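Each chain, letter by letter, is given below.
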Amino acid sequence: MGCDGGTIPKRHELVKGPKKVEKVDKNAELAAKWKYCALSQEKLKRPIVACELGRLYNKDAIIEYLLDKSAERPNVEVVTQIRSIKDVKELNLTDNPAWEGERHNIKGDCYEDMNCAMFICPVVGLEMNGKHKFLYLQTCGCVFSERALREVKTEICHKCGDPFQEDDLVMLNGSKEEVEKLQKAMEERRLKAKTAKQKSKKSKDTKVSKSLDSTGNCDTSETKASPLNGEGSSGSCSNSAPGPSTSGECSKTLKAPVGPVAGSKRSIQEMKDKSETYKSLFTSHSSAKRTKDQTSNWVTHTPYHF
């Protein structure tokens with residue numbers, strides 16, 4: 001029995017089976033990781049930075065994110081581990097001489113090779129398109145392929161010559177297992193740095209407290225030994241260090257301060273033995289007082305202009 005118009009439907013048109021799982025194109029996935037920023041989804045352009053988990057970003061996008069973290073972005077969960085600009089490293093990449101850029105295909109009528117990458121390994125010459133594993137050094141930021149580091153085993157960077165260790169190597173755009181390992185290493189590194197910072201801070205505080213205690217003890221001993229009444233200025237020191245003394249006197253003699261002690265209030269009448277020049281320094285002296293001729297009368301005058 002047919003439908004209107006005499007059409008006969010088939011079974012697969014009437015009975016719906018299970019939906020097929022959509023598979024992601026591998027070339028498109030690799031291009032999204034290696035040619036586009038993980039945060040802004042824009043094409044990668046110099047300067048390019050990488051985080052401790054091996055993701056690639058444009059430096060401008062990271063700076064904008066750090067300046068305004070409250071703005072809405074599509075991939076905020078990708079940069080949760082970035083707290084400051086120190087958590088990313090600017091990469092020292094090697095340009096690919098075969099890369100012609102996008103200018104030759106402005107009209108869209110030319111063939112564009114998806115496997116051709118902007119950067120290559122400076123040792124082996126492999127293109128950084130996702131088909132080969134690449135690593136970067138946290139010390140200098142140079143990028144190499146895993147094959148180059150495996151074939152040429154050295155502890156010095158092939159490009160700049162800086163020394164490095166195996167802990168300084170970070171895999172770029174690694175798998176889930178590699179990202180988990182990098183995350184654990186990052187957390188351990190940050191814990192070590194935090195504990196070292198706390199220890200250095202405690203040691204500085206103890207040094208400062210010890211120096212303050214030593215200076216306080218010296219001040220108290222000097223104040224106890226210093227004669228305020230002018231006695232014992234030329235005599236021998238009572239708290240001298242043990243040992244033979246050639247002159248019979250202390251090497252550091254404490255002399256009484258000249259003039260009145262700070263905090264004591266004395267009038268000119270109490271200083272009868274002082275000279276007139278010394279008395280004239282004080283405001284209570286007769287020379288400091290004004291006469292009637294020197295005093296001026298205040299005159300207030302408010303002119304009115306009509």
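The paragraphs below set out a description of the structure included in this document. Quantities reported herein were computed from a predicted structural model and do not represent experimental measurements. (Residues numbered from 1 in each chain as written. Predicted model: local features only at pLDDT ≥ 70, side-chain atom pairs only at ≥ 80, totals over all residues. Heavy atoms only, no water.)

1. Concerning the layout of surface pockets
Then, in step 1: Taken as a whole, the largest pocket holds about 800 Å³ of empty space.
Then, in step 2: Lining of the largest pocket is provided by 26 residues; of these, Gln165, Glu166, Asp167, Asp168 and Leu169 occupy positions nearest its centre.
Then, in step 3: Mapped by element, the contributors of at least two residues to the lining of the largest pocket are α4 (146-151), β8 (169-171) and α5 (176-225).
Then, in step 4: It is α5 that contributes the most residues to the lining of the largest pocket, seven residues altogether.
Then, in step 5: Class assignment for the residues of the lining of the largest pocket results in nine nonpolar, four polar and 13 charged. (1 Å grid on protein atoms, 1.4 Å probe; cavity = no way out; pocket = protein on both sides within 12 Å on 5 of 7 lines; lining within 4 Å. Points joined across faces, edges and corners; volume = space filled by probe spheres on them. Helix = DSSP H or I, 4+ residues; strand = E, 2+ residues; numbered from the N terminus. Nonpolar A, V, L, I, M, F, W, Y, C, P; charged D, E, K, R; others polar.)

2. Some points on the pattern of salt bridges
Then, in step 1: According to the stated counting rule, one finds seven salt bridges in the structure shown.
Then, in step 2: For Arg190, the salt bridge goes to Glu52, with nearest N and O atoms at 3.4 Å. With a gap of 138 residues between them, Arg190 in helix α5 and Glu52 in the loop between β1 (48-50) and β2 (56-58) connect regions that are remote in the sequence.
Then, in step 3: Residues participating in the shared-partner salt-bridge network are Glu52, Arg83, Asp87, Arg189 and Arg190. (Salt bridge = Lys/Arg side-chain N within 4 Å of Asp/Glu carboxyl O.)

3. Concerning unusual backbone geometry
Then, in step 1: A cis geometry characterises the amide bond from Arg46 onward to Pro47, with omega recorded as 0 degrees.
Then, in step 2: Among the secondary structure elements, Pro47 is positioned in the loop between α2 (26-34) and β1.
Then, in step 3: Unlike most non-glycine residues, Gln41 shows phi in positive territory, near 60 degrees.
Then, in step 4: Along the chain, Gln41 falls in the loop between α2 and β1.
Then, in step 5: Look at Gln41 and you get partly exposed, because its relative accessible area is 42%. (Buried < 20%, exposed > 50% of the residue type's maximum accessible area, 1.4 Å probe, protein only.)

4. What about helix α3 (residues 59-67)?
Then, in step 1: Residues of α3 that are buried: Ala61, Ile62 and Tyr65. For α3, the arc enclosing every buried residue in end-on projection is 100 degrees, short of the 170-degree limit, so these residues lie on one face. In α3, those exposed residues whose orientation departs by more than 90 degrees from the buried face are Glu64 and Leu67.
Then, in step 2: Taken together, the buried residues of α3 touch β1 and β2. (Arc of directions from axis to C-beta. Contact = heavy atoms within 4.5 Å.)

5. Observations concerning the nonpolar core
Then, in step 1: Among the nonpolar cores identified, the biggest contains 42 residues, and Leu39, Tyr57, Leu91, Met128, Phe134, Val143 and Leu172 are the most heavily contacted of them.
Then, in step 2: Breaking this core down by element, the ones donating at least two residues are β1, β2, α3, β6 (134-137), β7 (143-145), α4, β8 and α5.
Then, in step 3: For this core, the element with the highest residue contribution is β6, accounting for four residues. (Core = buried A, V, L, I, M, F, W, Y, C linked by side-chain atoms within 4.5 Å.)

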